[in-house]
Amino acid sequence: MRCMPSIGALLVLLLSSAAGRAQTGPPWFTEITDQVGLTGVEAFRIAVGDLDGDGYPDLLIHTEPDHAAGDVLNKQYLYLSEPVDPQGDPAARIFVDHTAGSGLRANRQGTPDGRHSDAAIFADVDNDGDLDVFTNVYLHRSYDLDLGTNDLLLNNGDATFVLSPNSTFHLEPNWNTPAATFLDYDNDGNVDLFIGTWYKPDSTMNIDHLYRGGGDGSFTDVTAGTGIDLEPTCVYAVSAFDWDNDGDMDLFAPPYSRTVFWSLPRHWRNNGDGTFTQVQDQTNYDEYRGILGQKVSFGTMPRDFDNDGQIDFFEIMTHGEGDGASGVHSTPVRNGAGVFSWDFWRLAGRDAEDPDLTHHGDHFASWFDFDGDGLVDIVFTESGYSNPRLYLAKQNPDHTFTFVTPGSGLDVINTEGVEPGYVTPADFDRDGDEDLFVTAGNVVRLFRNDAGNANAWLAVELEGVGGPGHANRSAIGARIEVTAGGVTQVQEVTAGNGHEGPMRPLVRIFGLGAATVVDSLRIRWPDAAHTVQELTAVPVNRYLHVREPCDLPADPSGLTVERAGDDLLLAWDDPGAPVTFNVYREATPDPSGWGAPHETGVTDEDPATPGIQHTDAGAAADGATWFYLVTAVDACGESALR
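Residues numbered from 1 in each chain as written. Predicted model: local features only at pLDDT ≥ 70, side-chain atom pairs only at ≥ 80, totals over all residues. Heavy atoms only, no water.

(A) Up close: the pairing of strand E10 (residues 179–183). Counted residue by residue, E10 has 5 buried out of 5 residues, so it is predominantly covered. Here E10 shows two buried faces, one formed by Ala179, Thr181 and Leu183 and the other by Ala180 and Phe182. Pairing of E10 with strand E11 (residues 192–196), which is carried by 5 bridges, proceeds in the antiparallel orientation. Residue pairing across strands places threonine 181 opposite phenylalanine 194, the latter belonging to E11. (Buried < 20%, exposed > 50% of the residue type's maximum accessible area, 1.4 Å probe, protein only. Helix = DSSP H or I, 4+ residues; strand = E, 2+ residues; numbered from the N terminus. Pairing = 2+ DSSP bridges.)

Below is the structure:
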């Protein structure tokens, strides 16, 4: 089933994992790289999201830099998803290069030389309804390289961008930033940012940084005094998710160093007052990574995989070894009432696919329910050493995982022996199952999912109102609970968890198995009140757009009109609320047939006079008779008179 109409919130309304197994039927995935116009498109890092607002995911690509040689400029490429035939099937898509004119390569100096950035993540930082772009600069060990810094680009609404005039990232030192994630740590309706730092210089740890968003493209470094400033780290990845289900997002900074003393995993609990407390010892955020365990992390990737309502995670562990309970390696980690359980036995059978269990170079991973059965699965990659591979692991009813890569269609990566990197799920054709973008051999490839929408599904797109008293426009930090067929699944809206921006679309897709209806869709919005909204009896197999509940402004009252020469002077009562006004003017008295407003964004012309004053210049010049209607407009919409 293709896309169905959305429902707005404002309407009235036992398998064992002991061994891997090969897929014996048709492959679950089919490579369609050529059909979608991506053959040969170079890609080292990718970020996926709907940048032009058409509902389909686009690609922001970074090609591989050479930091040591200073070859880091003009690595950004923008590929937008477009219909093959605008009059035909909307799900038949092709990716078209829109780099030229996009503004992504603009620098602060205004020169044509380009700009250094290594990866990107997306969020609506100015609450205007489109996704903006934060780009990070990672130097690795080229610490003196000075061709760019972290920066922010604002979306014009059409996937063209300008450097944010209110941002000061470019005035900061180069922090050597390999990771960043958006969040709203104070639930004030504006998106915030957390970045992780690596060495600068060698073997020197540095503090990570927390920035408070102003809702206008500005960010203020508020790290000092939050508690985060008390512990230096050296990370390749950071994450933000609500580990304790108290309505605010907590922070995770796993180490990418096993040689520096005090290189340990950091779990920061959000205290709800703008400060954070280290709780890794209490939560068992492990002893395996860092100086003590001699493993390092490429990401703590959140998801409630066992459907118990607690957000768990998949830990991407580099330099792991072994298989199942006999090793220390990448694994799903269960959250049991706030304490993490490192059950390596949950992911066993790697030996059937991996020829070398003595060293795992795991780098990227993503959760997705590829077969839509309501049990989320995992895909991850190993690269950078002598054993490049992609692994697909299917979840079993007992919440163990079975390796199922052979015959899946994704195993072509392994038979070709190319180095895989990113594995980013996205429903590129909006048919209800998540397809998979893979970077491999420094190109991007797309594998269509042919299995997932055989089961029922629901795709949930959230829109916050934005600003004080509301959720941020991207709804980052929202908790979505879907109950169908006696099972409740939970996902959070996040943006950027992991290493170097493995950004995936903000829409959340739920596989529902054989369910015929969603009994309950419950949303906890990331606003100060932790507002909960519930929809019931929601039809399946559709994209559902839900806007944050919001009271419309009151209708203006006391409208009067007086003539002053050729002008008409309008006045009405001051509502005492932060609104603007739309003025409608027509020659007929029945407003049900009126068109667009005569004037929009009207404000008070004479604050010294009681009420709201507005001049309709020249309206009386020809002696015509006009009928007027005035409505109030705020972030929630237009007052009910209209």
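Here the narrative resumes.
(B) Looking closely at the domain arrangement of the protein chain. Domain parsing of the protein chain yields domain 1 (29–454), domain 2 (456–547) and domain 3 (560–633). A straight line from the C-alpha centre of domain 1 to that of domain 2 covers 20 Å. Each side of the interface is counted separately: domain 1 has 71 residues, and domain 2 has 44 residues. Carbon and sulfur atoms supply 49% of the area buried between domain 1 and domain 2, which totals about 4,200 Å² over both sides. Counting across the interface, domain 1 meets domain 2 through 4 salt bridges. Among the ionic pairs, glutamate 434 bridges to arginine 504, the shortest N-O distance being 3.1 Å. Summed over the shared surface of domain 1 and domain 2, the number is 26 residue pairs in polar contact (both at pLDDT 80 or more). Secondary-structure elements contributing two or more residues to the side of domain 1 that touches domain 2 are strand E2 (45–49), strand E6 (119–123), E10, strand E14 (239–241), strand E18 (296–303), strand E23 (360–368) and strand E27 (420–426). A class-by-class count of the residues in the side of domain 1 that touches domain 2 yields 34 nonpolar, 21 polar and 16 charged. (Domains from an automatic or database assignment. Contact = heavy atoms within 4.5 Å. Buried area = accessible area lost by both parts, 1.4 Å probe. Salt bridge = Lys/Arg side-chain N within 4 Å of Asp/Glu carboxyl O. Polar contact = N/O pair within 3.5 Å; in protein donor to acceptor, adjacent residues only side chain to side chain. Nonpolar A, V, L, I, M, F, W, Y, C, P; charged D, E, K, R; others polar.)

(C) Region of interest: the sheet that holds strand E31 (residues 479–484). An order of E32-E31-E34-E35 is seen for the 4 strands of this open sheet, with the pairing classed as antiparallel. Of all the strands in the sheet, just strand E32 (487–492) and strand E35 (532–539) have a single pairing partner and so form its edges. With strand direction ignored, the average angle separating the axes of adjacent strands in the sheet is 20°. Here E31 pairs with E32 via 6 bridges, running antiparallel. Bridge assignment links isoleucine 480 to a residue of E32, and that residue is glutamine 491. (Axes fitted to C-alpha atoms, helices over the stretch in contact; angles between N-to-C directions.)

(D) Seen up close, the sheet that holds strand E1 (residues 29–31). Within the open sheet, the 4 strands sit side by side as E1-E29-E28-E27. Their pairing is antiparallel. With partners counted over all chains shown, the strands left at the sheet margins are E1 and E27, one partner each. In this sheet, adjacent strand axes meet at a mean angle of 25° when their direction is disregarded. The sheet contact formed by strand E28 (residues 435–440) and strand E29 (residues 443–449) spans 5 bridges and is antiparallel. Its bridge partner lying in E29, threonine 439 is registered against valine 444.

(E) How the structure looks around the pattern of salt bridges. Taken as a whole, this structure holds 30 salt bridges when the rule is applied. A salt bridge links aspartate 151 to arginine 108; the shortest N-O distance between them is 2.7 Å. Here aspartate 151, found in strand E8 (residues 151–155), pairs with arginine 108, found in the loop between strand E5 (93–97) and E6; they are 43 residues apart in sequence, far enough to count as distant. By relative accessible area, aspartate 151 is classed as buried at 2%. Its salt-bridge partner being glutamate 463, residue arginine 547 comes within 3.5 Å of it at the nearest N-O pair. On the criterion of sequence distance, the pair formed by arginine 547 in strand E36 (residues 542–547) and glutamate 463 in strand E30 (residues 456–463) is long-range, its members being 84 residues apart.

(F) Examining the state of the cysteines more closely. Within this structure, the stated rule accounts for 1 disulfide. Between the sulfur atoms of cysteine 550 and its disulfide partner cysteine 636 the distance amounts to 1.3 Å. Highlighted residues: cysteine 550 in the loop between E36 and strand E37 (560–564) and cysteine 636 in the loop between strand E42 (627–634) and strand E43 (637–638), separated in sequence by 86 residues. A relative accessible area of 7% places cysteine 636 in the buried class. (Disulfide = S-S within 2.5 Å.)

(G) A look at the packing of aromatic side chains. Throughout the structure, instances matching the rule amount to 39 aromatic pairs. An angle of 80° between the planes, with centres 5.5 Å apart, marks the rings of tyrosine 256 and phenylalanine 298 as edge-to-face. Here phenylalanine 298 lies in strand E18 and tyrosine 256 lies in the loop between strand E15 (250–253) and strand E16 (266–270), a separation of 42 residues in the sequence. The exposure classification of tyrosine 256 matches that of phenylalanine 298, with both residues buried. Aromatic side chains phenylalanine 313 and phenylalanine 340 sit 4.9 Å apart centroid to centroid with 70° between the ring planes, which places their arrangement in the edge-to-face category. On the criterion of sequence distance, the pair formed by phenylalanine 313 in strand E19 (residues 312–320) and phenylalanine 340 in strand E21 (residues 339–341) is long-range, its members being 27 residues apart. The exposure classification of phenylalanine 313 matches that of phenylalanine 340, with both residues buried. (Phe/Tyr/Trp six-rings, centres within 6.5 Å; stacked < 30°, edge-to-face > 60°.)

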